[in-house]
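The residues making up each chain are set out below.
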Amino acid sequence: MTKRVFSGIQPTGNLHLGNYLGAIRNWEQMQHEAECVFCVVDMHAITLWQEPAALRAQTREMAAALLAAGIDPAKAILFNQSQVTAHAELAWILNCVARVGWLNRMTQFKDKAGKDREGASVGLYTYPVLQAADILAYAATHVPVGEDQKQHLELARDVAQKFNNDFGVELFPLPEPVIQGPATRVMSLRDGTKKMSKSDASDMSRINLTDDADAITAKIKKAKTDPEPLPETLEGLKGRPEAENLVGIYAALAGTSAAAVIAEFAGKGFGAFKPALAELTVAKLEPIAAEFRRLLADPAYVEDVLHRGADRARAIADPIMARVFETVGFLRR
C-alpha cells in the first residue's frame with residue numbers, strides 16, 4: 001500500500017514560531033518522504049464563530065505560510081477543506097458509524113466548550129468525526145500528531161475499524177501516527193509555562209512569521225529568563241521553564257538536540273545565549289517571512305494553488321467515496 005500522509009491545519013491568523021516548529025516545518029520535510037495531502041481545515045474552523053471575510057483571508061494566509069515555509073505544490077497536495085465535498089459527505093456517513101459514548105470521552109470538546117457545553121455547536125462536538133473523515137477520505141496511512149491530537153487519531157482508527165467490520169469490507173486502512181519532531185510545544189517568550197499563542201495580548205510573547213530581523217532580535221533580547229547561567233546537563237533545566245523553552249527553540253531551529261545545545265552553552269549566561277539564538281532565528285525565519293509577505297501580496301496565485309490542489313485531492317477522494325457509497329447502499333448514477 002502506498003504511504004499517504006494526511007494532515008490539516010486551522011486557518012488561524014497571526015502565524016508564529018510555534019506554528020512553524022510545531023507543524024509547518026515537519027510538513028516540509030515529509031513531502032520528500034511520502035505522498036502528502038495537506039489541508040487548510042476551514043470547515044473545522046467554523047465549529048467556532050468566524051467572521052466570513054476574515055476566514056477567507058486567514059485561509060489564504062495559512063496557505064501562503066505553508067508555501068513560504070517550503071511546501072511545494074508540485075510535490076504535495078495543498079488545498080482548503082471546503083473545496084472537496086468528500087469531507088462533508090464522509091463525515092455524515094461516519095457520524096452514523098461513530099458512537100455517542102466515544103465522543104463523550106473526547107477531552108478536547110470539554111476543554112473548548114468549557115462550562116457552556118449546552119451552548120456549544122453540534123459541529124464542535126462532532127469535530128473528531130470530521131477529522132476521521134478528513135483522513136479516511138484519502139485512505140491515508142499516516143497522520144502527524146501532537147499530544148493534543150492522539151485521542152482523535154485513535155477515534156479515527158476506531159471508526160475505520162467499525163466501518164470495515166460493520167460492512168464486511170477492508171475499505172479503510174487504520175492510520176498510523178507520525179510522532180512530531182522536537183519543539184512541537186513552543187512556549188511564550190513572556191511565560192515559559194504557557195504555549196506561544198496568537199491570542200496573547202502581548203506581541204512580545206511570540207515571534208510572528210511576518211516579523212523582520214529587527215523585531216525578532218528585539219523579542220528574543222527581551223524574552224523572560226532567570227538570572228542563572230545555562231546548566232551543565234539537561235537535568236539542570238528542570239524548574240526553569242523559560243530557559244528550557246529557549247534551549248528547545250534553539251535546538252529545533254538548529255536541527256540538533258537540547259543536550260547538544262546545553263553542551264555548547266553550558267555555564268554561559270543569557271547575555272551570550274540570546275544573541276546566538278537571535279542570529280539563528282533570523283537566519284532561519286527571515287527568508288520565510290520575506291516570502292510570506294510576498295505571497296500575501298499575491299492572493300490570486302495562492303488561490304490558484306489551492307484550486308489546483310483541490311482538483312488533485314478530489315482525484316484521490318472520488319474513487320474512495322464511490323466505494324463508500326456502494327458499500328453503504330446508496331442508490332446513485
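Everything here concerns the structure above.
Parameters and conventions
- Residues numbered from 1 in each chain as written.
- Predicted model: local features only at pLDDT ≥ 70, side-chain atom pairs only at ≥ 80, totals over all residues.
- Heavy atoms only, no water.
- Axes fitted to C-alpha atoms, helices over the stretch in contact; angles between N-to-C directions.
- Helix = DSSP H or I, 4+ residues; strand = E, 2+ residues; numbered from the N terminus.
- Parallel < 35°, antiparallel > 145°, perpendicular 65-115°, else oblique.
- Left-handed = near helix turned anticlockwise from the far one by under 90°.
- Contact = heavy atoms within 4.5 Å.
- Salt bridge = Lys/Arg side-chain N within 4 Å of Asp/Glu carboxyl O.
- Buried < 20%, exposed > 50% of the residue type's maximum accessible area, 1.4 Å probe, protein only.

A. A look at the packing of helix H4 (residues 86–95) against helix H13 (residues 299–328). Look at H4 against H13: their axes get within 11 Å of each other, and the N-to-C directions meet at 25°. Classified by the angle their axes make, H4 and H13 are roughly parallel. Along this stretch, H4 crosses H13, giving a crossing that reads as left-handed. The residues of H13 that touch H4, namely those facing Ala 86, Glu 89, Leu 90 and Ile 93, are Ala 317, Met 321, Val 324, Phe 325 and Val 328.

B. Focus on the side chain of Asp 134. Examined against the element boundaries, Asp 134 turns out to sit in helix H7 (residues 122–136). If we skip the residues at most four places from it in the chain, Asp 134 touches Phe 6, Val 41, His 44, Gln 81 and His 87.

C. Representation of the pattern of salt bridges in the model. Per the stated rule, a full pass over the model turns up 14 salt bridges. In this structure, Arg 4 and Glu 35 form a salt bridge, with 3.2 Å as the shortest nitrogen-oxygen distance. With a gap of 31 residues between them, Arg 4 in strand S1 (residues 4–9) and Glu 35 in strand S2 (residues 35–40) connect regions that are remote in the sequence. Among the ionic pairs, Arg 293 bridges to Glu 286, the shortest N-O distance being 3.5 Å. With a relative accessible area of 32%, Arg 293 lands in the partly exposed category. Because the salt bridges share partners, they merge into one network encompassing Asp 203, Arg 206, Asp 211 and Lys 219.

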